[in-house]
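Descriptive structure summary
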Amino acid sequence: MSLAPPAADSLGGAVRVADARLALPALAGWLTAVVLVGASEVAWGVASAAAVVAGVLVWRVLGRAASARAPGDRGAAVLAASIPSVIAISVIATAVALAAPARTPPVIADVLDSGTAVTVELELEQTVTPREGAAWGSSADALIVEAETIAGERVAVRVPVRVLGLSATERMPLGTRLEGLVRLVPLEPGDDRVALVRMLVPLEPVARPAPLLGVADDLRAGFLALMQPFGGDGADLLPGLAIGDTTAVGDDLDEAMKRSALSHLTAVSGANCAIVVGLVLGIGTLARWRRPVRVGVALAALAGFVVLVTPEPSVVRAAVMASVVLVALASGRPARGLPVLGVAVLSIVVLDPWISREYGFTLSVLATAALLVLAGPLAEKLGRVLPAPLALWIAVPLAAQLACQPVLIMLAPEVPLSGVVANVLAAPAAPVATIVGMIACLLAPVIPPLATLVAAIAWLPSAWIAGVARVSSGLPGALLPWPEGVGGALLLAALTLASLLALGVPVALGTATVRRRLTLGVAAALVVVMGATAGVAALRALGRPADWALAQCDVGQGDAVLVRSAGEVALIDTGAESELLATCLSTLGVDRIDLLVLTHFDLDHVGAVEVVVGRVGRAVVGATGRESDEAVVAALRAGGAVVETVADGERGRLGDCSWSVLWPPAHRGVEPGNDASLVLAVDGGSCPSMLALGDLGEQSQRMLVGAYDLGAVDVVKVSHHGSPDQHLDLYRQLGAAVALIGVGSENGYGHPAPALIAELESFGSTVARSDAHGLVLVSRGSDGLRLWRERASTVGAEN
């Protein structure tokens, strides 16, 4: 039974009906997984209930068939069509019920409940490079493969976790095994990771990756090395286009790719898998291989490609889909798009139900479905006013963006108006860069001179794509602000669907008059939403208090807090995102930094220091311990700043306010890092009293409480972006009216911890988070403190 609307095979081709018999069960199973991974305790019940319902439906259908009802019995047809979806729900619920216990075996559950330290052996699920790890520490996905019980017995497990603060002095490829004493911090049940791993001692490598993984990593590392002499954005971007390795892509280029809706080009997906399979099948056809041989070699090449680029969600989805097509080809049966996509989604979600909540997987499936259902009809409509090839060229990225944009609103509340144009301009260059770059990667260890020549050819289209991204992202009005959150996503989805139906895509519904009215309604709704969004943004900007004394900049996953008094300004840390810090300073009209405080030298606290070099009068910094730390100090001094390394007891004035350093102790040697963070107290004059805690951990917070008789403050800058590693008595003692948390959305660390937020609110603090509220300003008025949040209404906070 065909349920989907018609879609054109191609421009000018016959209209066919998209086969949704497997798409609907896949959707039902996918939604089941989304719900149940967060409530796995009811999975067996759901599976049993769905199995019973499926049995009843089968019995009813067979009964209707036996009763010799009319052949066109629509009730029987509906019952029959719903059976696969109900079965899919039962199968996925069973998969969740079976997988959930394995994710938290008894040895891990005991550790999560007690909070005790445990010795584990981890296997990395991604490559960690010295650039990411050695200087700053990074997070990395891994599997706990062995854990030690209280009795000292080693137990084999497979528990997905995220390791925090992992440093690498040399490249650690995917598959590397590490061992050490750690503490596990549990995450929400629906998270794809079970826990965060906080190292208590440095993790030591105990085993190299499997030979196949090692060879693949050597190829990736060799390709990165091959591109280094070329330089520029083209060299940084090409490994991402060819093999999905974005380690060389800088923050500014990455942001430009996102703002221009081109970031999908560096996420290996179906297009890359299609290229690999197509090349192998083409070679096999020319060599006159038999069909089974061609299919077998294509499957082997596809498996090797997945290993080379690492199995990200989009890669897994595309590889499974390509495998289904190849198996169908081997059997001599035609494979059609939507059924293949349905099989791929069901297969992947059965194997790993927790992947159902990943944004990458969701966007990949939506983009593929859009190309199958929307691209043809859109091209047909555009073909009425444009040449057919140009119409199809525009329709492909337009279809993908229309399907994916509502989900992207959840990540960033804005619509890239230049996205379609940027994709059209990049489209001719992308396959060339991908194919030629992949060839260069494979040639690098075999024939280096030829690989260099091939890489030079691939560099040209790669540089073009990077140029398109930078130009389009910098155009005036390139981004349209949009309502945020689930409401904004649903609103955009509704307007998108209404717009498509008004255009008769993928099928014409109703009369032409109805569609014209729908078009006018959509246009009016868009004008209202755009005007309201812009108006709210303008009103918020006008309502921004000019007399702010404290400001928390939105710099992503990092800290950047401004203090202003009597015309002088201090900046506590810079965050890692240079563009975001520069935007914040420009918005607030800050040109000169009288006092710069760098609490410690992790990237998320000093990474954007280049923005203020040459604008700083005095800088006070914590202990240095690495060459990169000294480089930051040297850059500040070269820009004219007086730089001092300080500890507790250091004092000074900013305007009519006073400040003092309370931590780290000056009487002992201090190891650089989180627990050596400068803790700054600000008070007096026009400044609200504030304690800025850097990234201090629980034990150091306990020592701070023991060393000082800390009184109540107006504002506390919460330590370590709201991590769970906190001494709650400190916050209870401070009794701050406002708690500032500098944190990035979807940061992968679980920051801020929901339990900490609840505790802060129970202490009477109003929590202001940069990920949720954007720029935050605090001022003091006659009625006490006033808190202004960029993405929330002004609220009063009593002292």
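Everything here concerns the structure above.
The following paragraphs examine the structure supplied in this document. (Residues numbered from 1 in each chain as written. Predicted model: local features only at pLDDT ≥ 70, side-chain atom pairs only at ≥ 80, totals over all residues. Heavy atoms only, no water.)

Another point: the state of the cysteines. The bond known as a disulfide is covalent and runs between the sulfur atoms of two cysteines. For the structure shown, the criterion picks out 2 disulfides. Paired through a disulfide, Cys553 and Cys584 show a sulfur-sulfur distance of 2.0 Å. Measuring the twist about the S-S bond at about -70 degrees, one finds the Cys553-Cys584 disulfide to be left-handed. Of this pair, Cys553 sits in the loop between β11 (550-552) and β12 (561-565) while Cys584 sits in helix α21 (residues 578-587); the two residues are 31 residues apart in sequence, bridging distant segments of the chain. Note on accessibility: Cys553 and Cys584 belong to one class, buried. Disulfide pairing is shown between Cys657 and Cys687; the S-S distance is 1.9 Å. In this structure the cystine formed by Cys657 and Cys687 twists about its S-S bond by roughly 100 degrees; its chirality is therefore right-handed. Taken together, the positions of Cys657 in strand β18 (residues 657-663) and Cys687 in the loop between β19 (679-683) and β20 (690-692) put the pair 30 residues apart, joining distant regions of the chain. Accessibility classification places Cys657 together with Cys687 in one group, the buried group. The connectivity of the disulfides in the protein chain is 1-2, 3-4, where the numbers refer to bonded cysteines in sequence order. (Disulfide = S-S within 2.5 Å. Helix = DSSP H or I, 4+ residues; strand = E, 2+ residues; numbered from the N terminus. Buried < 20%, exposed > 50% of the residue type's maximum accessible area, 1.4 Å probe, protein only.)

With that out of the way, let us pick up unusual backbone geometry. Going from Val505 to Pro506, the amide bond is cis rather than trans, its omega being 0 degrees. Here the residue pair Trp663 and Pro664 is connected by a cis peptide bond, since its omega of 10 degrees sits within 30 degrees of zero. By the secondary structure assignment, Pro664 is in the loop between β18 and β19. Residues other than glycine seldom take positive phi values, yet His720 does so here, at roughly 50 degrees. Secondary-structure assignment places His720 in the loop between β21 (715-717) and α25 (728-734).

With that out of the way, let us pick up the sheet that holds strand β22 (residues 738-741). Read across the open sheet, the 7 strands follow the order β17-β18-β19-β20-β21-β22-β23; overall the sheet is mixed. Across the chains shown, the open sheet's two edge strands, defined by having one partner strand only, are β17 (651-654) and β23 (766-769). Along the sheet, successive strands turn relative to each other by an average axial angle of 20 degrees, direction set aside. Relative to β20, β19 runs antiparallel, the two sharing 3 bridges. Within β20, the position partnered with Leu680 by the bridge is Ala692. Along the sheet, helix α26 (residues 754-762) makes contact with β22 and β23, crossing β23 at roughly 140 degrees. (Pairing = 2+ DSSP bridges. Axes fitted to C-alpha atoms, helices over the stretch in contact; angles between N-to-C directions. Contact = heavy atoms within 4.5 Å.)

For the coordinates displayed, the defined rule picks out 22 salt bridges. For Arg154, the salt bridge goes to Glu146, with nearest N and O atoms at 3.1 Å. Residue Arg154 is classed as partly exposed on the basis of its relative accessible area, which comes to 30%. Several salt bridges share partner residues, and in doing so they unite Glu121, Glu123, Glu146, Glu148, Arg154, Arg177 and Glu179 into one network. (Salt bridge = Lys/Arg side-chain N within 4 Å of Asp/Glu carboxyl O.)

Note: strand β15 (residues 616-621) against strand β16 (residues 642-645), 4 bridges, orientation parallel. Each residue of the ladder has a partner; that of Ala619, found in β16, is Val643.

Once that is clear, we can look at the packing of aromatic side chains. Think of a pair of aromatic rings as described by two things: how far the centres are apart, and how the planes are tilted against each other in angle. Counting across every chain of the model gives 1 aromatic pair. Aromatic side chains Trp30 and Phe361 sit 5.5 Å apart centroid to centroid with 70 degrees between the ring planes, which places their arrangement in the edge-to-face category. Pair noted here: Trp30 is in helix α1 (residues 23-36) and Phe361 is in helix α13 (residues 359-373), with a separation of 331 residues, a long-range link. Note on Phe361: relative accessible area 0%, which makes it buried. Its end group placed over the ring of Trp354, Arg103 keeps NZ or CZ at 4.1 Å from the ring centre. Note that Arg564 overlies the ring of Trp548, its terminal NZ or CZ placed 4.1 Å from the centroid. (Phe/Tyr/Trp six-rings, centres within 6.5 Å; stacked < 30°, edge-to-face > 60°. Lys NZ or Arg CZ within 6 Å of the ring centre and 35° of its normal.)

This part is about helix α3 (residues 74-103). Counted at 1.5 Å a residue, the expected span for α3 with its 30 residues is 44 Å, and the 44 Å between its end C-alpha atoms agrees. Most pronounced at Ile83, the bend in α3 amounts to some 30 degrees, and the proline Pro84 follows within four residues. (Expected span 1.5 Å × (residues − 1). Bend = angle between axes of the 7 residues up to and from the residue.)

Within the fold, Asp771 resides in helix α27 (residues 770-773). Look past the residues within four positions of Asp771 in its chain and what remains in contact with it is Val743, Gly744, Ser745, Pro752 and Arg791. Separated by 2.7 Å, the side chains of Asp771 and Arg769 make a polar contact. (Polar contact = N/O pair within 3.5 Å; in protein donor to acceptor, adjacent residues only side chain to side chain.)

Attention now goes to the nonpolar core. Counting residues in hydrophobic clusters, the biggest one holds 53 residues, and the most contacted among them are Phe223, Leu237, Leu262 and Ile465. Discounting residues that sit within four places of it in the chain, Leu262 has contacts with Met257, Ala422, Asn423, Ala426, Ile465, Val468 and Ala469. Grouped together as the second largest cluster of nonpolar side chains are 37 residues, Ala47, Ala344, Val345 and Val373 included. (Core = buried A, V, L, I, M, F, W, Y, C linked by side-chain atoms within 4.5 Å.)

Tracing the backbone through its elements, the reader meets Thr766 in strand β23. Judged by relative accessible area, which is 24%, Thr766 ranks as partly exposed. Taking the C-alpha atoms as reference points, Thr766 and Val61, 705 residues apart in sequence, are found 58 Å from one another.

With that settled, consider the packing of helix α15 (residues 388-409) against helix α16 (residues 419-426). When two helices pack together, their arrangement is given by the angle between the helix axes and the distance between those axes. Following both chains from N to C, one finds α15 and α16 inclined at 135 degrees, their axes separated by 9 Å at the closest point. Here α15 is positioned oblique relative to α16, judged by the angle of their axes. The way α15 lies across α16 gives a crossing that is right-handed. Residues Trp393, Ile394, Pro397, Leu398 and Gln401 of α15 form the contact with α16, whose participating residues are Gly419, Val420, Asn423 and Val424. When its residues are assigned to classes, the contact of α15 with α16 shows 6 nonpolar, 3 polar and no charged. (Parallel < 35°, antiparallel > 145°, perpendicular 65-115°, else oblique. Left-handed = near helix turned anticlockwise from the far one by under 90°. Nonpolar A, V, L, I, M, F, W, Y, C, P; charged D, E, K, R; others polar.)

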